[in-house]
Amino acid sequence: MSDLANARRWLSQARSVVALTGAGISAESGVPTFRDAHTGVWAKYDPMELATEQAFRAHPQRVWRWYMTRREMVAKVEPNAGHLALKAFELAHPGRLRVVTQNVDGLHQRAGQSEVIALHGDLMADKWLDAERSCCSMENLNQEEPPACRSCGNLLRPAVVWFGENLPLQALETAEILARSCSIMLVIGTSGVVYPAAGLARVAAQAGARVVCVNPEATELDSLAAACLRGPAAELLPQLLDMENEDD
Ligand code: BV8
């Protein structure tokens with residue numbers, strides 16, 4: 001039986017499913033994957049070097065402009081068939097699927113997915129770089145890049161989790177509980193190199209879940225997988241998740 005047919009069978013029997021997604025699920029919406037997010041003027045920078053508090057404090061305008069470029073691009077794209085297939089599965093099987101994403105593009109949320117666990121924050125939102133003071137308000141911003149509080153100079157920064165920063169505790173704890181209790185984890189569009197997010201696949205496997213990878217390329221997590229579906233998420237997820245057409 002093919003990996004896809006096996007994965008469909010396991011899904012049909014699964015009482016709880018977790019989808020752990022990475023940048024690859026947004027690729028077919030036109031969002032460059034994280035490792036490819038350095039195109040054009042950004043080609044000379046490594047995202048690993050830009051996505052840190054240290055880089056932001058050293059070069060606030062450069063890092064801010066990188067995020068604004070990404071924010072403007074994400075605002076122009078739409079969720080793709082992969083995001084929509086996950087939403088359709090949630091509608092058809094209430095309470096059986098939770099999406100845990102490493103992505104900051106908000107496309108699962110815009111596809112209407114409920115209770116998305118966003119491990120790495122939100123590209124479309126800002127927060128204060130240093131502790132917020134009474135003077136720090138969105139109405140009291142200067143017009144610089146990045147904007148700063150007119151009174152104390154506190155900088156705005158993107159509300160994402162940078163390398164070296166802890167993930168939001170509540171999100172990570174909930175993701176770990178879900179990984180430990182699911183019967184199948186779909187690992188979709190991630191190279192599986194960023195921790196602790198990538199570690200959730202091992203948590204699931206060690207707790208007895210079947211792991212199914214969906215990715216055109218091999219990844220660091222394939223060794224944990226009971227099946228690896230090789231191909232783009234926007235093509236494979238509708239085939240995998242549509243339980244109505246029993247053509248196996
Ligand atoms: C932490 C937000 C505790 C920002 C992101 C040294 C010092 C400090 C920390 C570390 C250290 N060494 C290691 C660490 C831990 C570090 C880490 O994991 N580093 C790795 C890279 C070695 N992690 C952290 O720092 C985390 N925090 O550990 O806190 C701590 C605290 C202090 C000191 C130590 C530890 C925080 C990690 C969060 C970083 N922020 N995003 C931003 O976006 O700018 S992560 C970033 O990478 C994105 O969110 C992205 O989602 C994520 C993971 O990448 P992927 O999603 O996998 O994307 P990638 O491009 O890699 O791969 C895409 C995949 O899609 C590929 O496999 C491709 O084949 C596939 N694909 C392509 N097309 C398709 C497709 N798949 C399906 N369909 C398609 N069509």
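Now for a description of the structure that goes with this document.

Cut-offs and rules
Residues numbered from 1 in each chain as written. Predicted model: local features only at pLDDT ≥ 70, side-chain atom pairs only at ≥ 80, totals over all residues. Heavy atoms only, no water. Helix = DSSP H or I, 4+ residues; strand = E, 2+ residues; numbered from the N terminus. Rg over C-alpha atoms; globule rule 2.2 N^0.38 Å. Buried < 20%, exposed > 50% of the residue type's maximum accessible area, 1.4 Å probe, protein only. Contact = heavy atoms within 4.5 Å. Areas by Shrake-Rupley, 256 points an atom, 1.4 Å probe, with all protein chains shown as cover. Pairing = 2+ DSSP bridges. Axes fitted to C-alpha atoms, helices over the stretch in contact; angles between N-to-C directions. Left-handed = near helix turned anticlockwise from the far one by under 90°. Nonpolar A, V, L, I, M, F, W, Y, C, P; charged D, E, K, R; others polar. Core = buried A, V, L, I, M, F, W, Y, C linked by side-chain atoms within 4.5 Å. Near = heavy atom within 4 Å. Polar contact = N/O pair within 3.5 Å; in protein donor to acceptor, adjacent residues only side chain to side chain. Phe/Tyr/Trp six-rings, centres within 6.5 Å; stacked < 30°, edge-to-face > 60°. Lys NZ or Arg CZ within 6 Å of the ring centre and 35° of its normal.

1. Description of the overall build of the protein chain
Looking only at helices and strands, one finds nine helices and eight strands in the protein chain. Its C-alpha atoms give the protein chain a radius of gyration of 19 Å, within 12% of the compact-globule value 18 Å for 248 residues. Viewed in the frame of its principal axes, the protein chain has a C-alpha envelope of about 65 × 35 × 30 Å. The 248 residues of the protein chain split such that 50% are buried. Contacts spanning at least 24 positions in sequence make up 68% of the contacts within the protein chain whose residues lie at least 6 apart. Surface summary for the protein chain: the accessible area is close to 11,600 Å², and the carbon and sulfur share equals 51%.

2. Quick look at the sheet that holds strand S3 (residues 117-118)
Strands sit in the order S3-S2-S1-S6-S7-S8 across an open sheet of six strands; the sheet is parallel. Strands with a single pairing partner mark the edges of an open sheet, and in this sheet they are S3 and strand S8 (227-229). Pairing analysis gives five bridges linking strand S1 (residues 17-21) to strand S2 (residues 97-101), with the strands arranged parallel. Across the sheet, the residue bridging to Val18 is Arg98, located in S2.

3. A short note on the packing of helix H7 (residues 169-181) against helix H8 (residues 199-206)
The N-to-C vectors of H7 and H8 enclose an angle of 35 degrees; their axes lie 7 Å apart at closest approach. With respect to the hand of their crossing, H7 and H8 are arranged in right-handed fashion. Side by side, H7 and H8 meet where Ala175, Glu176, Ala179 and Arg180 of the first sit next to Leu200, Val203 and Ala204 of the second. Looking at the contact of H7 with H8 residue by residue, the class counts come to five nonpolar, no polar and two charged.

4. Observations concerning the nonpolar core
It is characteristic of soluble globular proteins that their nonpolar side chains tend to be buried jointly. Ranked by size, the top nonpolar core spans 26 residues in total, and within it Leu86, Leu186, Ile188, Leu237, Leu240 and Leu241 carry the most contacts. For this core, the secondary-structure elements that each account for two or more residues are helix H1 (3-13), S1, helix H5 (81-92), S2, strand S6 (184-188), strand S7 (210-214), S8 and helix H9 (233-241). Of all the elements, H9 adds the most residues to this core, at five residues.

5. Examining the side chain of His120
Assignment of secondary structure puts His120 in the loop between S3 and strand S4 (121-128). When its relative accessible area of 12% is taken as the criterion, His120 is described as buried. Here His120 is in contact with Thr101, Gln102, Val104, Val160, Val161, Leu167, Val194 and Ala197, once residues within four sequence places are set aside.

6. Examining the site of the ligand
Neighbouring the ligand are 38 residues, the closest being Tyr67, Gly164, Thr190, Ser191 and Tyr195. Here Ala23 contributes a backbone N or O atom positioned 2.8 Å from an oxygen atom of the ligand. At 2.7 Å, a backbone N or O of Gly164 approaches an oxygen atom of the ligand. Considering the ligand on its own, with 1,500 Å² of exposed area, one finds that the protein chains cover 75% of that surface. Looking at the shell around the ligand element by element, the count peaks at three residues for helix H4 (residues 60-75).

7. Re the environment of Cys152
Structurally, Cys152 can be placed in the loop between S4 and strand S5 (156-160). Between the C-alpha atom of Cys152 and that of Cys228, which follows or precedes it by 76 residues, the distance is 52 Å.

8. A few points about the pairing of S1
By the criterion of burial, S1 is predominantly enclosed, with five of the five residues buried. The two faces of S1 match: Val17, Ala19 and Thr21 on one face and Val18 and Leu20 on the other face are all buried. Here five bridges tie S1 to S6, and the two strands are oriented parallel to one another. Each residue of the ladder has a partner; that of Val18, found in S6, is Met185.

9. Here we look at the packing of aromatic side chains
Summed over all chains, the structure comprises three aromatic pairs. Between Phe56 and Trp162 the ring centres are 5.3 Å apart and the planes differ by 40 degrees, which places this aromatic pair in the tilted class. Of this pair, Phe56 sits in helix H3 (residues 53-58) while Trp162 sits in the loop between S5 and H7, placing them 106 residues apart in sequence. Of the two residues, Phe56 and Trp162, neither departs from the other in class, the shared state being buried. With relative accessibility at 1%, the residue Trp162 sits in the buried group. Aromatic ring contacts, followed pair by pair, group Phe56, Trp66, Tyr67 and Trp162 into a single cluster. Seen from the ring of Trp66, Arg70 lies directly overhead, with NZ or CZ sitting 4.5 Å from the centre. Sitting over the ring of Trp162, Arg157 keeps its end group 3.8 Å from the ring centre.

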